[in-house]
Amino acid sequence: DAKTTQPPSMDCAEGRAANLPCNHSTISGNEYVYWYRQIHSQGPQYIIHGLKNNETNEMASLIITEDRKSSTLILPHATLRDTAVYYCIVRVAPGGYGGSQGNLIFGKGTKLSVKP
Amino acid sequence: DAGVTQSPTHLIKTRGQQVTLRCSPISGHKSVSWYQQVLGQGPQFIFQYYEKEERGRGNFPDRFSARQFPNYSSELNVNALLLGDSALYLCASSLGGADLPFFGPGTRLTVL
């Protein structure tokens, strides 16, 4: 089962920031938080990941609480093309032994609808 | 650079038939994973391969099998198809088993 809890759906106005929450109260010390999104019927797209510090890239920012039990993905200026299902996943750190298992356990995610 | 590619894009089969889906990883990636996504659900892990060896298996029946070739491409086989096998089948590749997975566009399988 997925180790994360997300709201099933959210709306956001175009041009505004979209803040997507995720609870992961049972996260282990060596697990990272990953975010992927899936635009209708396409393959999931990697967005960002982090361990405990806030992370930012060209797509989004990831804010992880100090106790690491929850996080928020922020899309600073949402566009209509950001309408998608967003998945929050906890998983072992990237890298390590090449043969390590690293499958992702997806929940149902949050369906974000960006409206004009 | 080309991303993960999958073929075919769409496929229609009837119950009881067998199907083979194909995946080519990103150049340099040695690990391939397969996921099944039924309508309204998140993807569910089926298999992971690294250097042609199975490194992980999800909770799927023995009708599902896979293999990885020396060029790191992979095939997923499903025998004795059931209506419930209708889904989007996703392939993801990564440098190593625990590295960041990148997904292909998927193969949409419909079983009638």
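Preceding block: the structure.
Note that the structure is predicted; figures quoted are calculated from it, not measured.

**Looking at the sheet that holds strand β1 (residues 9–13) of chain A**
Sheet strands associate in pairs through backbone hydrogen bonding, adopting either a parallel or an antiparallel arrangement.
All names here are of chain A.
Argument step 1. Taken together, five strands build an open sheet; the order of strands is β1-β9-β8-β3-β4 and the sheet is mixed. The sheet is open, and its two borders are formed by β1 and β4 (45–50), each paired with just one other strand. Sheet twist, expressed as the mean angle between neighbouring strand axes with direction ignored, is 25 degrees.
Argument step 2. Here strand β8 (residues 84–92) runs beside strand β9 (residues 110–115); their pairing, made up of three bridges, is antiparallel. For Y86, the partnering residue across the bridge sits in β9 and is T110.

**Here's the deal with the sheet that holds strand β2 (residues 18–23) of chain A**
Residue and element names in this part refer to chain A.
Argument step 1. One open sheet holds the four strands; their spatial order is β2-β7-β6-β5, and the pairing between them is antiparallel. The outermost strands of the open sheet, each flanked by one partner alone, are β2 and β5 (55–56).
Argument step 2. Summarising the sheet, β2 and strand β7 (residues 70–75) pair through six bridges and their orientation is antiparallel. The partner of P21 across the bridge, within β7, is T72.

Definitions and limits used
- Residues numbered from 1 in each chain as written.
- Chains lettered and ligands numbered in written order.
- Predicted model: local features only at pLDDT ≥ 70, side-chain atom pairs only at ≥ 80, totals over all residues.
- Heavy atoms only, no water.
- Pairing = 2+ DSSP bridges.
- Helix = DSSP H or I, 4+ residues; strand = E, 2+ residues; numbered from the N terminus.
- Axes fitted to C-alpha atoms, helices over the stretch in contact; angles between N-to-C directions.

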